[in-house]
Amino acid sequence: MLTIIVIGAVLGLMIGGPLGMLIGGGLGWWLGGRLRGGLMMGRGLAEMQRQFLDATFAVMGAMCQADGQVSGDERQVLEQLFVRLRLPESGKANARAAFERGRASDFDLDAELARISRLTRGQPALRQVFLQVQLSAIAADGVLHPAEHDMIMRVARGLGCSEAEIAQIEAMLRGAAQGGGTAESQSSLEDAYKVLGVSSEASDSEIKRAYRKLMSQNHPDKLAARGLPESMREVAEARTVEIGNAYQRIRGARGQA
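Thresholds, definitions, all that
Counting restarts for each chain, with residues numbered from 1 along the sequence as it is written. Totals for whole chains, interfaces and linings use all residues, but because this is a predicted model, local features are given only for residues with pLDDT of at least 70 and pairs of side-chain atoms are given and counted only at 80 or more. Derived side-chain values reflect all non-hydrogen atoms in the structure, with water molecules and hydrogen atoms excluded from consideration. Strands here mean DSSP runs of E at least two residues long; helices mean DSSP runs of H or I at least four residues long; both are numbered from the N terminus. Exposed residues in this analysis have more than 50% of their type's maximum accessible area, buried residues have under 20%, and partly exposed residues fall in between, with area computed by a 1.4 Å probe over protein chains only. For accessible areas, the Shrake-Rupley method is used with a probe of radius 1.4 Å. Any residue's cover is judged against the shown protein chains and nothing else. Salt bridge criterion: a side-chain nitrogen from Lys or Arg within 4 Å of a carboxyl oxygen from Asp or Glu. Contacts between residues were defined by any pair of non-hydrogen atoms, one from each residue, lying within 4.5 Å. Residues grouped as a nonpolar core are buried Ala, Val, Leu, Ile, Met, Phe, Trp, Tyr and Cys residues, joined through side-chain atoms within 4.5 Å. Only C-alpha atoms enter the line fits that serve as axes; for helices the fit covers just the stretch in contact. Angles between N-to-C directions range over 0 to 180 degrees. For classification, angles of less than 35 degrees are called roughly parallel, those exceeding 145 degrees roughly antiparallel, those between 65 and 115 degrees roughly perpendicular, and all remaining angles oblique. Side-chain classes follow a simple rule in which Ala, Val, Leu, Ile, Met, Phe, Trp, Tyr, Cys and Pro form the nonpolar group, Asp, Glu, Lys and Arg form the charged group, and the remainder, Gly included, forms the polar group.

1. Quick look at the overall build of the protein
Then comes step 1: Looking only at helices and strands, the protein features 11 helices and zero strands.
Then comes step 2: From first element to last, N terminus to C terminus, the protein shows the α and β order α-α-α-α-α-α-α-α-α-α-α.
Then comes step 3: In the protein, buried positions account for 41% of the 257 residues.
Then comes step 4: Of the roughly 13400 Å² of accessible surface on the protein, 58% is carried by carbon and sulfur atoms.

As structure tokens, this is what we get:
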């Protein structure tokens, strides 16, 4: 920072004499402060993203262990997730270690949820991405064990999710248990409303506002600025597709083009 102040002062002296030197030094001090603040912010964001990933895989370990064992399908999804997130070898090793930490009998799930709650405070979309990754793991074997259902609900409440968010998670769970089927049915239509967080009695304009709000909140660029690791961008994009599909399902049921 001192170097920037000196450079600013010298340039100011060359251009405007003693007064220019003072002005240039002041500008150098201001610019140095801005650069230092930006660097610290960047480091803080990187650390936040690291913690987000670590907690994601630790909680996933606890989720997969909820029914008493981690199936081969669940481990396969874990490895597939590494590829999907484009994790380097060092990142994979850290993720596996976090996963095993979550499986351990002495794992403090409540403390981990408290950490994630702090990281995602005021960011419901970030919480939804976190939960969506968990759902992909426990739905891997095509069977949603009651203990896994109870665990995802415990995780959701531990993160401070609202009842509306929990209803959205329930809808996602049903879709996962059905293998992500897209057949139109009364139950799938009801779940579409829950994904958007609106009642089936909502007006067309209310549904459109809810849709636009969710799409804005879940925009990958916005989530990245709030701590979502770049490697999870694809997950965030899948979430926006899910929101869009729910909106189109509702529009189709209402006879809208």
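Having put the structure on the table, let's press on.
2. Some words on the pattern of salt bridges
Then comes step 1: Taken as a whole, this structure holds 10 salt bridges when the rule is applied.
Then comes step 2: Residue Arg103 is joined to Glu100 by a salt bridge in which the shortest nitrogen-to-oxygen separation is 3.2 Å. Residue Arg103 and its partner Glu100 are both found in helix α3 (residues 89-103); the two are separated by three residues, about one turn of the helix.
Then comes step 3: The exposure class of Arg103 is partly exposed, given its relative accessible area of 28%.
Then comes step 4: Across the salt bridge formed by Arg254 and Asp204, the nearest N and O atoms sit 2.5 Å from each other.

3. Focus on the side chain of Lys92
Then comes step 1: Relative to the assigned elements, Lys92 resides in helix α3.
Then comes step 2: Not counting the four nearest positions on each side in its chain, Lys92 is found in contact with Phe82 and Leu87.

4. Some thoughts on the nonpolar core
Then comes step 1: Judged by nonpolar contacts, the single largest core of 45 residues is most densely connected at Phe57, Met60, Phe130, Leu131, Ile152, Val155 and Leu159.
Then comes step 2: Dropping the residues within four chain positions of it, Val155 is found in contact with Val59, Met63, Leu113, Phe130 and Leu131.
Then comes step 3: Judged by nonpolar contacts, the second largest core, of 15 residues, contains Leu196, Val198, Leu214 and Ala246.

5. Considerations on the packing of helix α5 (residues 124-138) against helix α6 (residues 146-158)
Then comes step 1: Where α5 meets α6, the closest approach of the two axes is 11 Å, and the angle between their N-to-C directions is 170°. Taken together, α5 and α6 sit at an angle that is classed as roughly antiparallel. Taken together, the residues of α6 that come into contact with α5 (itself represented by Phe130, Leu131, Gln134, Leu135 and Ile138) are Glu148, Ile152, Val155 and Ala156.
Then comes step 2: Along the lines of polarity and charge, the residues of the contact of α5 with α6 split into seven nonpolar, one polar and one charged.

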